[in-house]
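Breakdown of the fold
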Amino acid sequence: MTVKIEQSWQNLLKEEFQKEYFINLADFVKEEYKTQTIYPKGDDIFKAFDLCPVNSVKVVLLGQDPYHGVGQAHGLCFSVKEGVSIPPSLRNIYKELFDDTGKKIPDTGNIEHWAKTGVLMLNATLTVRAGHAGSHQNKGWETFTDAVIKKISDEKENIVFILWGAYAQKKGKIIDESKHYILKSAHPSPRSAYNGFFGNKHFSKTNLFLKSKGISEIIW
């Protein structure tokens, strides 16, 4: 089957797209789009990949599900479309970014410029039913995104993996820590941000590591 995704990812993942679980997943997702309101829109499912080709990846930021509210999700973890109210977790991310680097807090929740500067902003599940968080979990997306993480871990080196919260950290167990730099903390959600997310300095730590390896820094 052919998946509409940026060419370098198409080449890297072509065998994955032929596997039975992915074919079943694709059939499920197609049917859901026909019968339900699904986010993000179809053209944005693989936007994280489209904005950050394989050779551009310096950082992998791992989220869980797309936002399930109207007009929020656009294919990048933690980011929302222009004009959409900034979600609480992203507000906390901005607060930590300011405290860590002094970068002015933006007035938009669209952070796709992170992707364009080398951050693969990957959700574990790439689609969701409107108003139903987690509704497309355990349908095959997690197997696919595990394969993506393993491909990056196996075939690249000196990638920064940013794992916020227990879910991301569990998923990150397939990363080769001898080749890559892994940053872990609590999740930025209001429930847990004060239990270890604030003060993690992951933005500056990321760039210090990249600089130490002669890799251009992320423009946060």
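Everything numeric in this text was worked out from a predicted model, so none of it was measured. Chains are numbered independently. Their residues run from 1 in the order of the written sequence. Local features are withheld for residues below a pLDDT of 70 in this predicted model, meaning they are given only at 70 or higher, and side-chain atom pairs are given and counted only at 80 or more; totals for whole chains, interfaces and linings count all residues. As a rule here, side-chain values cover all heavy atoms of the structure and leave hydrogens and water aside.

1. Here we look at the pattern of salt bridges
To keep things clear, this is the line we draw: Salt bridges, as used here, are contacts in which a Lys or Arg side-chain nitrogen is within 4 Å of a carboxyl oxygen on Asp or Glu. Secondary structure counts use DSSP, requiring at least four H or I residues in a row for a helix and at least two E residues in a row for a strand, with both numbered from the N terminus. Throughout, exposure labels follow a simple rule: accessible area from a 1.4 Å probe, protein chains only, divided by the maximum for the residue type, with under 20% read as buried, over 50% as exposed, and the rest as partly exposed.
For the coordinates displayed, the defined rule picks out 9 salt bridges. With a shortest N-O distance of 3.8 Å, K4 and D43 are connected by a salt bridge. Highlighted residues: K4 in the segment before helix 1 (7–17) and D43 in the loop between strand 1 (38–39) and helix 3 (47–50), separated in sequence by 39 residues. By relative accessible area, K4 is classed as exposed at 67%. Looking at D43, the relative accessible area reads 54%, which means it is exposed. Its salt-bridge partner being E32, residue R129 comes within 2.7 Å of it at the nearest N-O pair. Highlighted residues: R129 in strand 4 (residues 128–129) and E32 in helix 2 (residues 20–35), separated in sequence by 97 residues. Classification of R129 by relative accessible area gives partly exposed; the value is 28%. Taking the relative accessible area as the measure of exposure, E32 reaches 7% and is therefore buried.

2. Brief notes about the side chain of E112
To be explicit about the condition: Here a polar contact is recorded for every N or O atom pair within 3.5 Å, except that within protein the pair must consist of a potential hydrogen donor and a potential acceptor, and residues adjacent in sequence are included only if both atoms are side-chain atoms. Whether two residues are in contact is decided by their heavy atoms, any of which lying within 4.5 Å being enough.
When you line up the elements, E112 lands in helix 5 (residues 112–116). Within the local environment of E112, its side chain forms a polar contact with the side chain of K47, the two groups lying 3.3 Å apart. Here E112 is in contact with K47, L51, H74, L76 and S79, once residues within four sequence places are set aside.

3. Some thoughts on helix 2
Rule in force here: To estimate how far a helix should extend, the number of its residues minus one is multiplied by 1.5 Å. When we speak of the arc, we mean the arc of directions from the helix axis to the C-beta atoms.
With 16 residues, helix 2 should reach 22 Å at 1.5 Å per residue; the first-to-last C-alpha distance of 23 Å fits that figure. All of the buried residues along helix 2 are Y21, F22, L25, A26, V29 and E32. Looking straight down helix 2, one finds its buried side chains confined to an arc of 135°; they lie on one side. When the buried face of helix 2 is taken as reference, the exposed residues oriented beyond 90 degrees from it are E20 and K34. Contacts from the buried residues of helix 2 go to helix 1, strand 1, strand 4 and helix 6 (141–155).

By themselves these figures say nothing about function.
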